[in-house]
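Notes for the structure review
Below, each chain spelled out in residue letters.
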Amino acid sequence: MTMTLTENAALQIQRRLEKRGKGIALRIGVKKVGCTGLAHTFELIDELGPGDHSFESHGARIVVDAASLEFLDGSRIDFVTEGLKQTFKFDNPNVENECGCGESFNVKKKAGPAPTQAT
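Read on for an overview of the structure. These numbers were taken from a predicted model, which means no experiment stands behind them.

**Observations regarding the side chain of Asp 78**
Looking at where Asp 78 falls in the secondary structure, it is placed in strand 6 (residues 76-82). Within the buried core, Asp 78 has no salt-bridge partner, and the shortest N-O distance to an opposite charge, that of Arg 76, equals 4.8 Å. Contacts of Asp 78, omitting those with residues within four sequence positions, involve Thr 6, Asn 8, Ala 9, Thr 87, Phe 88 and Lys 89.

**Things to note about the pairing of strand 5 (residues 60-65)**
Most of strand 5 is tucked away, with five of its six residues classed as buried. Relative to strand 5, strand 2 (residues 25-33) is paired through two bridges, and the arrangement is parallel. Paired with Arg 27 across the bridge in strand 5 is Val 63. Taken together, the six bridges between strand 4 (residues 52-57) and strand 5 define a ladder with antiparallel strand orientation. Its bridge partner being in strand 5, Asp 52 is matched across the sheet by Asp 65. In this antiparallel pair of consecutive strands, strand 4 and strand 5, the connection spans two residues, and His 58 shows a positive phi of 50°.

**Structural notes on the packing of aromatic side chains**
Under the definition given, this model contains three aromatic pairs. For the ring pair Phe 42 and Phe 90, a centre distance of 6.0 Å and an interplane angle of 45° mean the geometry is tilted. Within this pair, whereas Phe 42 is found in strand 3 (residues 37-45), its partner Phe 90 is found in strand 7 (residues 85-91), the two being separated by 48 residues in sequence. The class for Phe 42 is partly exposed, based on a relative accessible area of 36%. Exposure remark for Phe 90: the relative accessible area of 15% places this residue in the buried category. Each ring, one from Phe 79 and one from Phe 88, has its centre 5.1 Å from the other, and the planes form 70°; the classification is edge-to-face. Each of the two residues, Phe 79 as well as Phe 88, counts as buried.

Parameters at a glance
- Residues numbered from 1 in each chain as written.
- Predicted model: local features only at pLDDT ≥ 70, side-chain atom pairs only at ≥ 80, totals over all residues.
- Heavy atoms only, no water.
- Helix = DSSP H or I, 4+ residues; strand = E, 2+ residues; numbered from the N terminus.
- Buried < 20%, exposed > 50% of the residue type's maximum accessible area, 1.4 Å probe, protein only.
- Lys, Arg positive; Asp, Glu negative; His and termini not counted.
- Salt bridge = Lys/Arg side-chain N within 4 Å of Asp/Glu carboxyl O.
- Contact = heavy atoms within 4.5 Å.
- Pairing = 2+ DSSP bridges.
- Phe/Tyr/Trp six-rings, centres within 6.5 Å; stacked < 30°, edge-to-face > 60°.

And the structure:
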């Protein structure tokens, strides 16, 4: 199981933690929502929870719970500017397709059932 960050994504996480004044990582998860099925969630966290998986790249850490990791395993996360919008962008090998607006996605059949609540 693995997830990686680009240098841009790592710098953005570090900036957000510095601006907040505390925290150890960016928690990334998935929740059931949208026209395609799943959407990413993001939250700065102060401590690890039970069953969390931690990944470090370029001096920044991301944390993923076990249920979300099944859908995100192998992802490469970048931070990009598209027009006026700045966002974390996922290159996720588990995604089968995305909705037209790019806010939700579904995964290939190998992954288990979708989570029922935000993680």
